[in-house]
Amino acid sequence: MKILAIESSCDETAAAVVENGRKVLSSIVASQVEEHRLYGGVVPEIASRRHAEAITPVVRRALSEAGVTLSGIGAIAVTYAPGLIGALLVGVNFAKGLSLSSGIPLVPTHHLRSHIASNYISNQELKPPFLCLVVSGGHSHIVMVEDYTKMKIIGQTRDDAAGEAFDKAARTMGMPYPGGIELDKVAESGNPKAFKLPRPVVHDAPYDFSFSGLKTAVINLIHNASQKGEELNKADVCASFRYAVVDCLTTNFLKAARDLNVSQLVIAGGVSANSLLRGTLADECKKRGYSFYMPDKGLCGDNAAMVGAQGYYEYLSGNTANSDLNAYATMSIEK
Ligand code: KG4
Ligand code: ZN
């Protein structure tokens, strides 16, 4: 079955056609990042306007590149939560209109579940159950994926998401939004042990994360040096910060895997493109005899192919909606 998928939760307007949850027939992503970069972050009102302008041509292109018309589409999957409410509403209303006028079933899809599903495209043999580290700009979760549509949160951040911490640290060093990607590149030539940064732990919640103290520590390090007129080695700061974030993520993730006796580990979300995170987990899983899966780098960020993958399994488990479907800024991945 071919699914037309639509994604508009943040600053990418995306549409894709995906067959049986695994085969991408087309994937179009129109990014607004250049415009938001002028403001140092996503401006929600601008995002909604740009989605409204882009959605029709993006969906048309996804259908034409896949070589299908609506008559060949079995379901329309759309991201309905979580995300920027005005941005989500553009995709949801477009999908509702298309579903109503064509009679094609509508499938509401959770954004973080879709990030996890990007792995079904990149790793054709992957099937639940597995433990997934979902790390994006807005969320940092350890999720037990019991089945395609049955998930349990094992740990989560108490404050900032990992991606948010990367972006704030990068911004303090003058890197353009979203700085996580550039910070990762600059870190490659630095010494990860040059600066000692904290590894915050959450007491009584061994799998939860806290990144705000770590973020403040690196910002203070940079500001204190600049007040004293000292020049810090940027690559060393980036490498030390990246090492600290990845250390916190991997420590808790591997602890959860051991305690829950899970040997199939997966990563997902924008931050899963991070080279140190990918390399560290690949090594650690190999040492422990675990299977380790990650999305192709091109599927880590927001896209609609992953929505088409998750949408397929949501459809199979009967998760369809009608024209009273709403969008939600927040929603647990467990729902
Ligand atoms: O999943 P995503 O595209 O959007 C959300 O759903 O939030 O994640 C975006 C986040 C941004 O914070 C971005 O800086 C971060 O992913 N990111 C990275 C890397 N590539 C993207 N962070 C660290 N290293 C990277 N290579
Ligand atoms: Zn995302």
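These figures come from a predicted structure and were not determined experimentally. (Residues numbered from 1 in each chain as written. Chains lettered and ligands numbered in written order. Predicted model: local features only at pLDDT ≥ 70, side-chain atom pairs only at ≥ 80, totals over all residues. Heavy atoms only, no water.)

Novice: Mind showing me how you'd approach the packing of helix H5 (residues 162-172) against helix H7 (residues 212-227) here?
Specialist: When two helices pack together, you describe them by how their axes are tilted relative to each other and by the distance separating the axes. Here H5 crosses H7 at 5°, and the two axes come no closer than 10 Å. Between H5 and H7, the angle is such that the two are roughly parallel. Side by side, H5 and H7 meet where Ala-165, Lys-168, Ala-169 and Thr-172 of the first sit next to Lys-215, Val-218, Ile-219, Ile-222 and His-223 of the second. (Axes fitted to C-alpha atoms, helices over the stretch in contact; angles between N-to-C directions. Helix = DSSP H or I, 4+ residues; strand = E, 2+ residues; numbered from the N terminus. Parallel < 35°, antiparallel > 145°, perpendicular 65-115°, else oblique. Contact = heavy atoms within 4.5 Å.)

Novice: How do you make sense of the environment of Phe-94 when you look at a structure like this?
Specialist: With respect to the element layout, Phe-94 can be found in helix H3 (residues 85-102). It is 9.2 Å that separates the C-alpha atoms of Phe-94 and Val-78, two residues lying 16 residues apart in sequence.

Novice: Would you mind going over the nonpolar core with me for this structure?
Specialist: If you look at soluble globular proteins, the nonpolar side chains tend to sit buried side by side. Leu-131, Leu-133, Ile-142, Leu-183, Phe-211, Phe-241 and Leu-249 are the most contacted members of the largest nonpolar core, which totals 45 residues. Counting residues per element, the ones that place at least two in this core are strand E6 (130-135), strand E7 (140-147), H5, helix H6 (180-187), H7, helix H8 (234-260), strand E9 (264-268) and helix H9 (275-288). Counting residues per element, this core draws most heavily on H8, at 13 residues. Discounting residues that sit within four places of it in the chain, Leu-249 has contacts with Leu-133, Val-135, Ala-162, Phe-209, Phe-211 and Leu-277. Core analysis: the second largest hydrophobic core is formed by 34 residues, Leu-112, Leu-126, Val-143 and Val-307 among them. (Core = buried A, V, L, I, M, F, W, Y, C linked by side-chain atoms within 4.5 Å. Buried < 20%, exposed > 50% of the residue type's maximum accessible area, 1.4 Å probe, protein only.)

Novice: Which parts of the structure should I look at to understand the site of ligand 1?
Specialist: Around ligand 1 sit 19 residues, and of these Gly-137, Asp-167, Asp-184, Gly-270 and Asn-274 come closest. A distance of 2.5 Å separates an oxygen atom of ligand 1 from a polar side-chain atom of Asp-167. One of the backbone N or O atoms of Gly-270 is found 2.9 Å from an oxygen atom in ligand 1. Contact with the protein chains hides 86% of the accessible area of ligand 1, taken as 560 Å² for the molecule alone. Here ligand 1 occupies the largest pocket. Tallied by class, residues from the shell around ligand 1 come to five nonpolar, 11 polar and three charged. (Near = heavy atom within 4 Å. Polar contact = N/O pair within 3.5 Å; in protein donor to acceptor, adjacent residues only side chain to side chain. Areas by Shrake-Rupley, 256 points an atom, 1.4 Å probe, with all protein chains shown as cover. 1 Å grid on protein atoms, 1.4 Å probe; cavity = no way out; pocket = protein on both sides within 12 Å on 5 of 7 lines; lining within 4 Å. Sits in = over half its atoms within 2 Å of the grid points. Nonpolar A, V, L, I, M, F, W, Y, C, P; charged D, E, K, R; others polar.)

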